[in-house]
Amino acid sequence: MIEIPHIVAHRGASIEAPENTIAAFRVAGARGAKWIECDVTLSSDDKCVLIHDETLERTTNGTGPIHQSDLASLRTLDAGGWFSDIYKGERIPTLSDTLETLYYMEMGANLEIKPSGCDPVRLCHEVIAELERARDLPILISSFDDIAVAEMRKHAPEIPCGWLLETLPKDWKAEYARLGASAIHIDHAALTPVSAAEIVDAGVPLVCYTINDVERAKELFSWGVTSVITDDPAKLLTAIPRRPFAAHR
Ligand code: G3P
Ligand code: MG
């Protein structure tokens, strides 16, 4: 299992730059983040692109479902102007652009597979093909979609894959083993010191999202959490530059 840094930049440094853009990934790197988290899905012509929502309205000047636009038309859209004028003209990145940027910045990624509307199996196969060309990069896959997690485990068992959750199921240990996942990624609000200890004591890497508050991040580390995903890596890395000692349980 690769080492997951203690701070991961959610959709890039998304408090300072438009989420899921190369600009946000560059800002994250400039702030000292070693990894970004980003959301990958498919265009209508089955190209891997980065965007969080199922539709284009919130984060671009386009309209409609992402899966109904091909890559060429997605690349004409402005994915930065909604955030601020200085990011006008920023594009929806392909996964390929992103991997190249990460390579040159010596960064890694938690790549969240977000089928929302496209075929999860097809998406996984396209992601695996892209990652074949980026074997040197530290990559941790995750997904809320159990079909995607199972597909990744089956066809790319060498790539670590986290099980992404909003809440922790009672029988999480059995399901985690069945999926063959390599980490649990969970909404921090769903964790208690007891449930965190159960996961940590089982030797399972524990990644939490989305924490922008320093004191809360410190508390989670004191529970043994491996990594926190934040919109504001500059703030968290300034306050917590190294993994706190208590996290090495
Ligand atoms: O991967 C952690 C987090 O990004 C999951 O939720 O909606 O921000 O993709 P969301
Ligand atoms: Mg995500």
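Just so it is clear, the model here is predicted, and its values are computed rather than measured.

*Asks:* I'd like a description of the site of ligand 1, backed by residues and values.
*Replies:* The immediate surroundings of ligand 1 are formed by His 10, Arg 11, Glu 37, Asp 39, His 52, Glu 112, Lys 114, Phe 144, Leu 164, Tyr 209 and Ile 229. Between Arg 11 and ligand 1, the recorded distance is 2.8 Å, taken from a side-chain N or O atom to an oxygen atom. A distance of 2.8 Å separates an oxygen atom of ligand 1 from a polar side-chain atom of Glu 112. Coverage of ligand 1 by the protein amounts to 90% of the 290 Å² it exposes when considered alone. When the residues that make up the shell around ligand 1 are grouped by side-chain class, the tally is 4 nonpolar, 2 polar and 5 charged.

*Asks:* Account for the coordination of the magnesium ion (ligand 2), naming residues and giving values.
*Replies:* Under perfect tetrahedral coordination by four donors, a metal shows angles of 109.5 degrees; under perfect octahedral coordination by six donors, it shows angles of 90 or 180 degrees. The coordination sphere of the magnesium ion (ligand 2), as far as protein atoms go, consists of Glu 37 (OE), Asp 39 (OD) and Glu 112 (OE), spread over 2.0 to 2.2 Å. All donors of the magnesium ion (ligand 2) come from a single chain, and their spacing in sequence reads E-x1-D-x72-E. Separated by 73 residues along the polypeptide, Asp 39 in strand β2 (residues 35-42) and Glu 112 in strand β4 (residues 108-113) bring together distant segments of the chain. Judged by its relative accessible area of 1%, Asp 39 is buried.

*Asks:* Any details on helix α7 (residues 193-201)? Residues and values, ideally.
*Replies:* All of the buried residues along α7 are Ser 195, Ala 196, Ala 197, Ile 199 and Val 200. Looking at the buried side of α7, the elements it contacts are α6 (172-179), β7 (183-187) and β8 (206-209). Positive phi appears at Gly 203, one or two residues downstream of α7, with a value of about 80 degrees.

About the cut-offs
- Residues numbered from 1 in each chain as written.
- Chains lettered and ligands numbered in written order.
- Predicted model: local features only at pLDDT ≥ 70, side-chain atom pairs only at ≥ 80, totals over all residues.
- Heavy atoms only, no water.
- Near = heavy atom within 4 Å.
- Polar contact = N/O pair within 3.5 Å; in protein donor to acceptor, adjacent residues only side chain to side chain.
- Areas by Shrake-Rupley, 256 points an atom, 1.4 Å probe, with all protein chains shown as cover.
- Nonpolar A, V, L, I, M, F, W, Y, C, P; charged D, E, K, R; others polar.
- Donors = N, O, S within 2.8 Å, 3.2 Å for Na, K, Ca; no water.
- Helix = DSSP H or I, 4+ residues; strand = E, 2+ residues; numbered from the N terminus.
- Buried < 20%, exposed > 50% of the residue type's maximum accessible area, 1.4 Å probe, protein only.
- Contact = heavy atoms within 4.5 Å.

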